[in-house]
Amino acid sequence: MGEELRRVREARGWSRAHFVKRLPSGIGDRTLLAYEHGVRQLTLSRLTELAEALEVDPATVVARGLQRARRHLDQLTLHVDLPALLNHDGAGRGKFRPMIQWARNALIENPHGVAEIDVKVVRNLALFAGCSHRELAEYLAQFTPPPGDIEDEENPDERPQ
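Residues numbered from 1 in each chain as written. Predicted model: local features only at pLDDT ≥ 70, side-chain atom pairs only at ≥ 80, totals over all residues. Heavy atoms only, no water.

**Thoughts on the overall build of the chain**
Phase 1: Of regular secondary structure, the chain possesses ten helices and two strands.
Phase 2: Shown N-terminal to C-terminal, the secondary structure of the chain runs as helices and strands in the order α-α-α-α-α-β-α-α-β-α-α-α.
Phase 3: Taken along its principal axes, the extent of the C-alpha atoms in the chain is 50 × 35 × 25 Å.
Phase 4: By the burial criterion, 44% of the 161 residues in the chain qualify as buried.
Phase 5: Looking at the chain alone, contacts between residues at least 24 apart form 66% of all its contacts between residues at least 6 apart. (Helix = DSSP H or I, 4+ residues; strand = E, 2+ residues; numbered from the N terminus. Buried < 20%, exposed > 50% of the residue type's maximum accessible area, 1.4 Å probe, protein only. Contact = heavy atoms within 4.5 Å.)

Spelled out as structure tokens, the structure:
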């Protein structure tokens with residue numbers, strides 16, 4: 001989780017020093033560094049404080065962190081960067097070819113470029129693609145949107161044009 005928070009902080013262009021000044025608890029730069037590098041465990045209340053100071057939903061930070069780490073994918077609503085999926089020409093592209101047309105269509109519905117795919121939908125897409133839920137979830141998880149897109153995804157109408 002600390003790494004995901006660091007990604008969001010860096011996407012904001014904030015230094016650690018700037019970020020700790022925003023925190024009500026008054027933790028120091030070294031403590032934040034320890035959280036970001038996983039040297040120190042984050043409590044739920046500390047994770048919430050840090051996420052709120054970054055102006056992001058704590059649940060989204062947790063979900064993105066789990067998806068990026070490819071943990072509990074069978075229980076997550078996946079967030080997929082559609083342009084990244086469409087531009088991908090690496091391993092699995094042939095096997096998951098049906099996902100290309102799906103992503104093109106999903107981009108029309110999600111002009112901000114990020115699709116949220118519920119667990120049940122991933123299962124159905126896997127049936128369509130002729131693979132297991134796990135295989136498809138692993139494939140889609142590699143297209144986790146960058147951290148700077150968290151606020152845009154939450155409020156697509158507020159995204160700068």
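So much for the structure itself; the text now carries on.
**As for the packing of aromatic side chains**
Phase 1: The tally for this structure, following the rule as stated, stands at three aromatic pairs.
Phase 2: Judged by centre distance (4.2 Å) and plane angle (20°), the ring pair of Phe96 and Tyr139 falls under stacked. Of this pair, Phe96 sits in the loop between α6 (82–87) and α7 (98–109) while Tyr139 sits in helix α9 (residues 133–141), and the two are 43 residues apart along the sequence. Comparing Phe96 with Tyr139, the two get one shared label, buried.
Phase 3: The structure contains a cluster of three or more aromatic residues connected by ring pairs, namely Phe96, Tyr139 and Phe143. (Phe/Tyr/Trp six-rings, centres within 6.5 Å; stacked < 30°, edge-to-face > 60°.)

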